[in-house]
Amino acid sequence: EVQFVESGGGLVPAGGSLRLSCEASGFVFDDYAIGWFRQTPGKAREGISCISTFDSRTYYTDSAKGRFTISRDSAKKTAYLQMNALKPEDAGTYFCARGACLGSTVVNTGNNWGKGTLVTVSS
């Protein structure tokens with residue numbers, strides 16, 4: 001029932017920008033925080049950024065802070081991750097999830113992962 005469709009990834013040069021989108025369905029969007037995770041081969045998903053529910057507070061890893069901006073649109077039931085000044089270490093498959101913010105990550109995500117969207121950064 002709970003579904004996420006991530007999009008917006010691609011191949012960009014270092015220093016470039018991407019805007020990722022996360023279309024959510026199957027639940028009351030505004031009742032949950034939304035976060036973005038990055039996964040690289042052989043590693044667990046890492047929480048990159050989270051935006052809370054009612055007050056829309058935002059959280060970022062130290063690496064993402066100042067370069068990435070997370071946002072949400074209630075009408076579209078979509079969350080976004082604007083990524084600027086991309087670095088090769090930002091590369092990976094990005095997933096979104098619902099839950100509660102715990103710093104930059106999301107807890108209580110369940111197991112409703114989408115397919116993710118691939119971000120590749122060339123140097």
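What you see as residue numbers is a count from 1 along each chain, following the sequence as written. pLDDT decides what is reported in this predicted model: residues at 70 or higher carry local features, side-chain atom pairs at 80 or more are listed and counted, and totals for whole chains, interfaces and linings draw on all residues regardless. Excluded from the side-chain calculations are hydrogens and water; all other atoms, namely the structure's heavy atoms, are used.

## Concerning the side chain of Ser 49
Phase 1 of the analysis: Summarising the element assignment, Ser 49 is placed in strand 5 (residues 46–51).
Phase 2 of the analysis: Classification of residues uses two cut-offs on accessible area relative to the type maximum, computed with a 1.4 Å probe and protein chains only: under 20% is buried, over 50% is exposed, and between them is partly exposed. Relative accessible area serves as the criterion here: at 0%, Ser 49 is assigned to the buried category.
Phase 3 of the analysis: Residue contacts are defined here by distance: any two heavy atoms, one from each residue, within 4.5 Å place the two residues in contact. Contact partners of Ser 49, with chain neighbours within four places excluded, come to Ile 34, Gly 35, Trp 36, Tyr 59, Tyr 60, Ile 70, Leu 81 and Ser 104. Helix and strand assignments follow DSSP, with helices taken as H or I runs no shorter than four residues and strands as E runs no shorter than two, numbered in order from the N terminus.

## Digging into the sheet that holds strand 8 (residues 78–83)
Phase 1 of the analysis: At least two DSSP bridges between two strands are required for those strands to pair. Spatial strand order, 1-3-8-7: four strands in an open sheet with antiparallel pairing. Whereas interior strands pair on both sides, the edge strands pair on one side only; in this sheet they are strand 1 (3–7) and strand 7 (68–73). When strand polarity is set aside, the average angle formed by the axes of neighbouring strands in this sheet is 15°.
Phase 2 of the analysis: Of the strand pairs in this sheet, strand 1 and strand 3 (residues 18–25) are connected by five bridges, and their pairing is antiparallel. Paired with Phe 4 across the strands is Ala 24, a residue of strand 3. Axes, fitted as lines to C-alpha atoms, cover a helix only where it is in contact. Angles between the N-to-C directions of the axes lie from 0 to 180 degrees.

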